[in-house]
Amino acid sequence: MIEKGKISMRQFTILVFMYTLGTSVISLPSISTTFAHENGWIAVLMASIIGMLLVFMYIIISKLDEKKNLFELAEWIFGKWIGKAISALILLFILFLTAGNLRQIGDFLSTQIMTETPIQVLMVMFLLTALFAVKLGLEVTARTCEVFFPYAFFALLALLVMVTPTVDITKIQPILQKNMVGTFEAIVPSLGTPFLELFIFIAILPYVKKPKSARKGYLIGVGLGSFFLVAITFMCLTVLGADFTARNLFPTYVLGKTISLVQFLERIEIIVAIAWFFTIYFKIVLNFYVLSLGMSHFFQLKKTHTLSVPLAFFIIVLATINSPNIIYYLDFILYYWAPFAAVFGILIPVLVLIVGKIKVRKKDNITKTE
Amino acid sequence: MRRKLTSIFFVLLLSFGLAGCWDARELTDISIAVGLGIDKEDDLFQVTVQLIDPAEIAGKMLSSRSASTVYTTTGHTIFEAMRKLTTLAPREIYLGHLRIVIFGEEYAKEGILDALDFMSRYHEMRTDFYISIARENKASDLLKIITPLEKSPANKIFSSLEASHEFWAPTKGVKLDELIASMSSEGKEAVLTGLYVQGDPEQGTNMANVEKAASPADIKVDYIGVFNGEKLVGWLNKEESKGVNYLENEIKNSMKWVNCEKEGRVSLELIDSKTDVKGSLQGNKPKITINVETEANIAEVQCTTDLSKPETITAFEKKAASKQESILNTSIERAKELEADIFGFGEVMTRSDLTYWKEIKKNWNQIFANELEVEVKAKVNIRRTGTINESFFDDVKKKSEMSE
Amino acid sequence: MSKVIKFILFTVIALVIFRKDYASIKKQKDKKEKRVYISTFFLGYILVSLLVLEVNLPNPSDWIKQAYQPILEPYINSLKSHKLLE
């Protein structure tokens, strides 16, 4: 084990929560509403139920050997060469994911808030702070996350509460009658962010103090995060309407703009927006951390963060070139991301699980016969 | 030594950041726009902005200069016109504090989609300003009026819209998200409140306008403009407008009067109204049933009547209810004339019978105008009679009769 | 011209970062560790340099799109038919 730090169950839960919200908190309402129309929130709800089932599977995988992380498991189960190949694929995916997240926060800032600042500058700033966290290691990241968690949590909660006066339930009626096919199909793109990305926590689970409580924390974190995603989608639909939600690139920010309590508490959307600066930041840090950890395993290096600086170069290059414009990026997220992520979030874990179970049973049989 | 050098290098590197952020804009570099008017002149967009002068609004030394300044330009697109304005205005125009957007009537008749796209796309724009139409006028003329009481005319319109929306039923404050939602919805048409100049518009642009106690020209909020799709097709007058708000469940505090048995009137203060709209299919014809339940207090009595009797109250309740029904019916009739379903009855039908809706949604506006049967049931509950119960009208009248 | 200046500036920054970052790895005796670090750093440096010099790099998203297009055709068409906004 090259990661020597240990984090507590509470820290782990918070990390999972932040990761689940991540970039999805600003983009998911638009993604699901585009296809599910008024039933967008139901699509998100069903996607999060499927997401929870996936988490159950990841937990069973980590139970194969509590002390091994994702990359060690792959090598242990498939042998050195196939294991390495699978690790390499997963690493490429995470590299892609990290770059995508970085691009998303860059796009958000440069369309909504800082329109004149070059996107590269925003991304470099974000990446530098993330690099700093990766260099300092998992323990420090988890403690930092504990500090910022209350802010993110209560800001989002406040957003949900403060828009309730403008909720209009008729905007989502009739529930589940129109566009049924679209609603069910919308589950797929909704799964893509973030539920098919949650498997990266198999790489962090071994570093939580008590494995049993860690698994519980995994479920609680995803559950709480999903609740917020469903609630925010619901609010976007009932306050802004399906059309406006689907049309906006970042509907949650527009939702924040509608807050107006007795003409006194107004123009506070940026305070809410800082909440997802934190969630996206920790998503990037965790992805970056797992990427760097996996690279160290791949090349059998001694520290988790040895390759973090070169990786930062890769990420920034990929984040700049992965889409020429926002429409291209949106098209990619809407149609291609979920199937692409499904290979890593469903296919590979299922393979690992099946082969792993067979291997464990064989081992048990051998020990029994002996 | 090397350590020192690298530290110095990093300090230098960091100092690049101090050169400033790209998006920093000081208050002295921007001028805040509070009103935006959009007209069409031949083929060009005419954009008018009303900027406020912070020194005149909040400064201690007040000069006789106007607190707001109006600039107008034209351009092939709205954005072009906006950017052209910077050649006229002394500073960069900031739209984040916009209070009101006004469309000229001519432009609204041609369709307002271009403006709506610009407003929802432009990042400085929020959704918390009111949108309205300059009735029988151009938006640019309306923004030029200098108003009493409020230093900035746009602010004056904003607050009177907000106040009248709450206390006076015939107007309706519409914001961007609501407008887009009802314009793009399949079973609903949009409405916007009208603004017009009362008095002499020429005098209104003069500072002298606010030097008199009763200003010669002022901006009035009245009438509701009805859209069919993106185009303005007609107006509801005061009486016809009232029903729109009743149906939208948006009456917070309004008034109405009913006739007494003999002569004189009784004013009712409406406190709360709940509207329940249901759709159904009767044979092959759509039917809408509207139930309005209103809570009211007696605010003013101008006739001899015995308020202590419960029967009197019931009689007033009935009268008020039938009056309310007729108000709603007038609004609905007028909307039918204009073939614009501004009440969202189509949405109601969607909710109640989806298969039927799918069949007829293409020609819903014709069905709305010709076939749709609307039944209105109103109920008024009078709860309180103010701080006194029986009016002294009676006693005083009797006394004067006796002396005769 | 400005891209050359940017490139030189980036090279200087990269050199400084390399010196700072390499210091911790230098202490270790393991040769493989150094080799891996230097080669990945160099690769990263090349990539960023190409970016700074405004060379058109191929977009990996395109590869994913192309690879998935044949399998996903019906799925994407079905999704597009349910899109709210035309």
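Residues numbered from 1 in each chain as written. Chains lettered and ligands numbered in written order. Predicted model: local features only at pLDDT ≥ 70, side-chain atom pairs only at ≥ 80, totals over all residues. Heavy atoms only, no water.

What am I meant to see in the overall build of chain A here?
Looking only at helices and strands, chain A has 14 helices and two strands in total. In summary, chain A has a C-alpha radius of gyration of 21 Å against a globular reference of 21 Å for 370 residues, a match within 12%. Each principal axis of the C-alpha atoms in chain A carries an extent, and together these give about 75 × 45 × 35 Å. Of the roughly 13200 Å² of accessible surface on chain A, 71% is carried by carbon and sulfur atoms. Charge-centre separation for chain A: the mean point of 30 positive side chains lies 11 Å from the mean point of 19 negative side chains. (Helix = DSSP H or I, 4+ residues; strand = E, 2+ residues; numbered from the N terminus. Rg over C-alpha atoms; globule rule 2.2 N^0.38 Å. Areas by Shrake-Rupley, 256 points an atom, 1.4 Å probe, with all protein chains shown as cover. Lys, Arg positive; Asp, Glu negative; His and termini not counted. Charge placed at Lys NZ, Arg CZ, Asp CG, Glu CD.)

How do you make sense of the UniProt feature "transmembrane region" (unreviewed entry) in chain C when you look at a structure like this?
The feature "transmembrane region" (unreviewed entry), as annotated in UniProt, sits at residues 39-57 of chain C in this numbering. For residues 39-57 of chain C, helix accounts for 74% and strand for 0%, while the C-alpha atoms at its two ends are 20 Å apart. (UniProt positions renumbered as here; feature names shortened; annotations may be inferred.)

Hey, could you run me through empty space enclosed by the protein in this one?
Over the atoms, a rolled probe matching the size of one water molecule traces out where space is still vacant. Residues and elements named next belong to chain A. Under the defined criterion, the tally for this structure stands at six cavities of 30 Å³ or more. Taken as a whole, the largest cavity encloses approximately 140 Å³ of empty space. Lining the largest cavity are Ser-27, Ser-30, Ile-31, Gln-104, Asp-107, Thr-193, Leu-249, Phe-250, Ile-326, Tyr-329, Leu-330 and Ile-333. At the level of secondary structure, the elements contributing two or more residues to the lining of the largest cavity comprise helix 2 (24-36), helix 5 (80-113) and helix 14 (326-369). (1 Å grid on protein atoms, 1.4 Å probe; cavity = no way out; pocket = protein on both sides within 12 Å on 5 of 7 lines; lining within 4 Å. Points joined across faces, edges and corners; volume = space filled by probe spheres on them.)

Would you mind going over the nonpolar core with me for this structure?
One broad trend across soluble globular proteins is that nonpolar side chains are buried collectively. Residue and element names in this part refer to chain A. Counting 206 residues, the largest nonpolar core has Phe-201, Tyr-218 and Trp-276 as the members making the most contacts within it. With 18 residues, helix 12 (residues 269-298) is the single largest residue contributor to this core. Discounting residues that sit within four places of it in the chain, Tyr-218 has contacts with Phe-12, Val-16, Val-55, Tyr-58, Ile-59, Leu-198, Phe-199, Phe-201 and Leu-205. (Core = buried A, V, L, I, M, F, W, Y, C linked by side-chain atoms within 4.5 Å. Buried < 20%, exposed > 50% of the residue type's maximum accessible area, 1.4 Å probe, protein only. Contact = heavy atoms within 4.5 Å.)

I keep staring at the packing of aromatic side chains and nothing clicks. Help me out?
Centre-to-centre distance and the angle between the planes together describe a pair of aromatic rings. By the definition in use, this model includes 54 aromatic pairs over all chains. Relative to Phe-344 of chain A, the ring of Phe-340 of chain A has its centre 5.6 Å away and its plane inclined at 80 degrees; by these criteria the two rings are edge-to-face. On the criterion of helical spacing, the pair formed by Phe-340 of chain A and Phe-344 of chain A is a turn pair, its members being four residues apart in helix 14. Judged on exposure class, the residue Phe-340 of chain A and its partner Phe-344 of chain A are both buried. On the numbers, 5.9 Å between centres and 90 degrees between planes, the contact of Phe-340 of chain A with Tyr-68 of chain C is edge-to-face. With Phe-340 of chain A in helix 14 and Tyr-68 of chain C in helix 3 (residues 60-81), this residue pair bridges two chains. Each member of the pair, Phe-340 of chain A as well as Tyr-68 of chain C, carries the same accessibility label: buried. Positioned above the aromatic ring of Tyr-130 of chain B is the side chain of Lys-175 of chain B, whose terminal nitrogen or guanidinium carbon lies 5.1 Å from the ring centre. (Phe/Tyr/Trp six-rings, centres within 6.5 Å; stacked < 30°, edge-to-face > 60°. Lys NZ or Arg CZ within 6 Å of the ring centre and 35° of its normal.)

What's the story with the environment of Phe-10 of chain B in this structure? I'm lost.
Structurally, the position occupied by Phe-10 of chain B is in helix 1 (residues 2-18). Along the backbone, Phe-10 of chain B and Glu-240 of chain B are 230 residues apart, and their C-alpha atoms lie at a distance of 71 Å. In this structure Phe-10 of chain B touches Val-16 and Lys-20 of chain C, once residues within four positions along its chain are discounted.

Would you take a moment to explain the sheet that holds strand 12 (residues 265-282) of chain B for this structure?
Two modes of strand pairing occur in sheets, parallel and antiparallel, and in both the strands are linked by backbone hydrogen bonds. Residues and elements named next belong to chain B. Taken in spatial order, the four strands of this open sheet run 11-12-13-14, and their pairing is mixed. Sheet topology places strand 11 (254-259) and strand 14 (373-384) at the edges, where each strand pairs with a single neighbour. Across this sheet, the average inter-strand angle for adjacent strands is 40 degrees, counted without regard to direction. Most of the contacts of helix 10 (residues 238-247) go to strand 12, to which it runs at about 70 degrees, and overall it touches strand 11, strand 12 and strand 13 (285-301). (Pairing = 2+ DSSP bridges. Axes fitted to C-alpha atoms, helices over the stretch in contact; angles between N-to-C directions.)

Would you mind showing me how to read the interface of chain A and chain C here?
The parts lose accessible area when they come together, and the size of an interface is often stated as this lost area. Chain A puts 44 residues into the contact, and the matching count from chain C is 38 residues. Buried surface at the junction of chain A and chain C, summed over both partners, amounts to about 3800 Å²; 70% is from carbon and sulfur atoms. In terms of surface lost to chain C, no three residues of chain A exceed Phe-313, Tyr-335 and Tyr-336 of chain A, which account for 19% of the buried area on that side. The residue Lys-135 of chain A makes a salt bridge to Asp-21 of chain C at a minimum N-O spacing of 2.6 Å. Linking chain A with chain C are 13 residue pairs in polar contact (both at pLDDT 80 or more). (Buried area = accessible area lost by both parts, 1.4 Å probe. Salt bridge = Lys/Arg side-chain N within 4 Å of Asp/Glu carboxyl O. Polar contact = N/O pair within 3.5 Å; in protein donor to acceptor, adjacent residues only side chain to side chain.)

What is the right way to look at a nonpolar patch on the surface in this model?
A grouping of Ile-175, Leu-176, Met-180, Val-181 and Phe-184 of chain A is seen on the molecular surface, where their side chains present a nonpolar patch of about 410 Å² in accessible area. Relative to the helices and strands, Ile-175 of chain A is located in the loop between helix 7 (138-162) and helix 8 (180-192). (Patch = residues over 30% accessible without salt bridge, like charges linked within 9 Å, V, L, I, M, F, W, Y side chains within 5 Å.)

I tried to follow the side chain of Ser-296 of chain A on my own but got confused; where do I start?
Residues and elements named next belong to chain A. Summarising the element assignment, Ser-296 is placed in helix 12. A polar contact is formed between the side chain of Ser-296 and the backbone oxygen of Lys-303, at a distance of 2.6 Å. Setting aside anything within four residues of it in sequence, one finds Ser-296 in contact with Ile-2, Leu-301, Lys-303, Thr-304, His-305 and Thr-306.

Just to check I follow, could you spell out the pattern of salt bridges for this structure?
Opposite charge on two side chains permits pairing when their charged atoms draw close. In total, this model carries 25 salt bridges over all chains according to the counting rule given. With its nearest N and O atoms 3.0 Å apart, the salt bridge here joins Lys-65 of chain C to Asp-331 of chain A. Of the two residues, Lys-65 of chain C sits in helix 3 while Asp-331 of chain A sits in helix 14, which places them in two different chains. Residues joined by salt bridges that share partners form a network here, namely Glu-269 of chain A together with Arg-126 and Asp-128 of chain B.

Sorry, what's going on with the interface of chain B and chain A here?
Taken together, the contact pairs 18 residues of chain B with 22 residues of chain A. At the junction of chain B and chain A, the tally comes to one salt bridge. In this structure, the connection of chain B to chain A is made through five residue pairs in polar contact (both at pLDDT 80 or more). The element best represented in the side of chain B that touches chain A is helix 8 (residues 176-184) of chain B, accounting for four residues.

What's the story with the pairing of strand 5 (residues 100-104) of chain B in this structure? I'm lost.
Regular strands place side chains that alternate from one sheet face to the opposite one. All names here are of chain B. With five of five residues buried, strand 5 lies mostly within the body of the structure. Of the two faces of strand 5, the one holding Ile-100, Ile-102 and Gly-104 and the one holding Val-101 and Phe-103 are both buried throughout. Where strand 1 (residues 30-41) meets strand 5, four bridges bridge the pair, whose relative direction is parallel. Within the sheet, the bridge partner assigned to Gly-37 lies in strand 5 and is Ile-102. The pairing of strand 5 with strand 6 (residues 130-134) spans five bridges and is classified as parallel. Its bridge partner lying in strand 6, Gly-104 is registered against Ala-134.

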